[in-house]
Amino acid sequence: MTDKKPTAILLLYCPDKQGIITEVTKFITDNKGNIVYLDQYVDHHDGVFFMRIEWELEGFLIPRDKINEYINTLYAQRYDMKYHLYFSDIKPRMALFVSKMSHCLYDLLARYNAGELDCEIPCIVSNHEDLRYVAEQFNIPYYVWSIKKDHSNKDEVEAAEMELLKKENIDFIVLARYMQIVTENMIEAYPNRIINIHHSFLPAFIGAKPYHQAWQRGVKIIGATSHYVTTELDAGPIIEQDVVRITHRDTPETLVLKGKDLEKIVLSRAVKKHIAHKILSYNNRTFIFN
């Protein structure tokens, strides 16, 4: 079995206009690019065109370090296009942020170890020492910055975290049950690149103890939601969700146990889609390509 050939991946959106697909595909084929994936969608409500296209770099006439310049010059202004260009042989670097709960961390690291997540994990960041043993099992550096109850050292802690992220060339962050609110500075530094797992089917039961809220409300399903982090709590663009049925026999404690299984699955799905560059965010919504 041979390794996959390196590809370029272009994600874009712009006002819907005739000829965009033709223009972009012609640019690729005229320069001897072999297109291996193309998917597009038109949001007729807002009149916006979305596309993901991927082509092999082998034999492509334009050097990879010039592709972005060509796209920007030829199409960005002409079509009022917002786009992202990625290369499949460059693995994104993911930082994991955790607190005391290990289920999401273990799941992601197990998948990473098994080769399911095509990324690198240079560091794990926490506000507690509790999960250092997990990081050591997987031989990943573990950094702790404790945050005082009155949050008086929050700015200092975040400055240190940001310095680490810069040093490690982190591309995106996953909050694997990190029980701290991320500040605006970090969100602005990583727009649509901080993924959170929330233990409810958003927009229901935001904030703390959603399983207890769900039990008190007597709902018949509980869910988990993975979303990008924005400055509004638990209100960022939703990437992935799932649910499980419950009954009157469940307690808040059994809801927590059932929810943990959901959280792991939902978070891993979201992370995989982000790594594969299959998500476009627009107006606090996500458009996810298969």
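Not measured: the values here are computed from a predicted model.

**Re the overall build of the protein chain**
Here comes step 1: Along the backbone of the protein chain there are 8 helices and 13 strands.
Here comes step 2: In summary, the protein chain has a C-alpha radius of gyration of 21 Å against a globular reference of 19 Å for 290 residues, a match within 12%.
Here comes step 3: Out of the 290 residues in the protein chain, the part that is buried amounts to 47%.
Here comes step 4: For the protein chain, restricting intrachain contacts to residue pairs at least 6 apart in sequence, the fraction spanning at least 24 positions comes to 66%.
Here comes step 5: Looking at charge distribution, the protein chain has the averaged site of its 35 positive side-chain charges lying 4 Å from that of its 39 negative ones.

**Looking at the sheet that holds strand β10 (residues 221-228)**
Here comes step 1: Ordered by their spatial adjacency, 7 strands build an open sheet running β7-β6-β5-β8-β9-β10-β11, and the pairing between neighbours is mixed. One side of each edge strand has no neighbouring strand; the edge strands of this open sheet are β7 (142-144) and β11 (238-245). This sheet shows a mean twist of 20° between the axes of neighbouring strands, independent of strand direction.
Here comes step 2: Two strands pair when backbone bridges link them, and strand β6 (residues 120-126) and β7 are joined in this way by 3 bridges, in the parallel orientation. What sits directly across from I124, in β7, is Y142.
Here comes step 3: The strands touched by helix α3 (residues 103-113) within the sheet are β5 (93-98), β6, β8 (172-175) and β9 (194-198), with β6 carrying the most contacts at an inclination of about 165°.

**Describing the pattern of salt bridges**
Here comes step 1: Under the defined criterion, the tally for this structure stands at 21 salt bridges.
Here comes step 2: Between R64 and D89 there is a salt bridge, and its shortest N-O distance comes to 2.9 Å. Taken together, the positions of R64 in helix α2 (residues 64-76) and D89 in the loop between β4 (82-87) and β5 put the pair 25 residues apart, joining distant regions of the chain.
Here comes step 3: According to the relative accessible area criterion, R64 is partly exposed, its value standing at 34%.
Here comes step 4: Given a relative accessible area of 40%, D89 falls into the partly exposed group.
Here comes step 5: Across the pair K264 and D261 runs a salt bridge, and its minimum N-O distance is 3.6 Å.

**Re the pairing of β5**
Remark: a regular strand shows side chains that alternate across the two faces of the sheet.
Here comes step 1: With 5 of its 6 residues buried, β5 lies for the most part within the structure.
Here comes step 2: In this structure, β5 lies alongside β6, joined through 5 bridges in parallel fashion. Paired with A95 across the bridge in β6 is C123.
Here comes step 3: Handedness of the crossover is the feature at issue here: the chain leaves β5, passes through α3, returns alongside β6, and the resulting connection is right-handed.
Here comes step 4: Across 4 bridges, the pairing between β5 and β8 is parallel. Residue pairing in the sheet places M94 in a bridge with F172 of β8.

**Some thoughts on the packing of aromatic side chains**
Here comes step 1: Within this structure, the stated rule accounts for 14 aromatic pairs.
Here comes step 2: Here the aromatic rings of Y41 and F287 are separated by 5.9 Å at their centres, their planes lie at 35°, and the arrangement is tilted. Placement of Y41 in strand β2 (residues 34-43) and of F287 in strand β13 (residues 285-288) is noted, with a sequence separation of 246 residues between them.
Here comes step 3: You can call Y41 partly exposed: its relative accessible area is 41%.
Here comes step 4: Owing to a relative accessible area of 9%, F287 belongs among the buried residues under this scheme.
Here comes step 5: Taking 3.9 Å as the distance between ring centres and 20° as the angle between the ring planes, the aromatic pair formed by F50 and F287 counts as stacked.

**Considerations on the sheet that holds strand β3 (residues 48-56)**
Strand-to-strand pairing in sheets goes through backbone hydrogen bonds, with the strands running parallel or antiparallel.
Here comes step 1: As summarised here, the arrangement of the 4 strands in space is β2-β3-β1-β4, forming an open sheet in which the pairing is antiparallel. In this open sheet, the two edge strands, each paired with only one partner strand, are β2 and β4. Averaged over all pairs of adjacent strands, the angle between strand axes in this sheet comes to 10°, irrespective of strand direction.
Here comes step 2: One ladder, built from 9 bridges, connects strand β1 (residues 7-15) with β3; its direction is antiparallel. For L12, the partnering residue across the bridge sits in β3 and is M51.
Here comes step 3: Across the sheet, helix α1 (residues 20-30) is in contact with β1, β2 and β3; its angle to β3 comes to roughly 15°.
Here comes step 4: Strand contacts of α2: β1, β3 and β4, with the helix running at about 165° to β4, the strand carrying the most contacts.

**Some remarks on the nonpolar core**
Here comes step 1: Core analysis: the largest hydrophobic core is formed by 31 residues, its most contacted members being M94, L96, I124, V174, L267 and V271.
Here comes step 2: Elements that contribute at least two residues to this core include exactly β5, α3, β6, α4 (132-137), β8, β9, β10 and α8 (252-275).
Here comes step 3: When residues of this core are assigned to their parent elements, the largest contribution, 6 residues, is made by α8.
Here comes step 4: Filtering out sequence-adjacent residues up to four positions away, V174 remains in contact with M94, A95, L96, F97, L108, I195, L267 and V271.
Here comes step 5: Counting 25 residues, the second-largest nonpolar core is a separate cluster that includes C14, W55, I71 and L85.

Rules and cut-offs
- Residues numbered from 1 in each chain as written.
- Predicted model: local features only at pLDDT ≥ 70, side-chain atom pairs only at ≥ 80, totals over all residues.
- Heavy atoms only, no water.
- Helix = DSSP H or I, 4+ residues; strand = E, 2+ residues; numbered from the N terminus.
- Rg over C-alpha atoms; globule rule 2.2 N^0.38 Å.
- Buried < 20%, exposed > 50% of the residue type's maximum accessible area, 1.4 Å probe, protein only.
- Contact = heavy atoms within 4.5 Å.
- Lys, Arg positive; Asp, Glu negative; His and termini not counted.
- Charge placed at Lys NZ, Arg CZ, Asp CG, Glu CD.
- Pairing = 2+ DSSP bridges.
- Axes fitted to C-alpha atoms, helices over the stretch in contact; angles between N-to-C directions.
- Salt bridge = Lys/Arg side-chain N within 4 Å of Asp/Glu carboxyl O.
- Right-handed = clockwise from strand over helix to strand, strands pointing away.
- Phe/Tyr/Trp six-rings, centres within 6.5 Å; stacked < 30°, edge-to-face > 60°.
- Core = buried A, V, L, I, M, F, W, Y, C linked by side-chain atoms within 4.5 Å.

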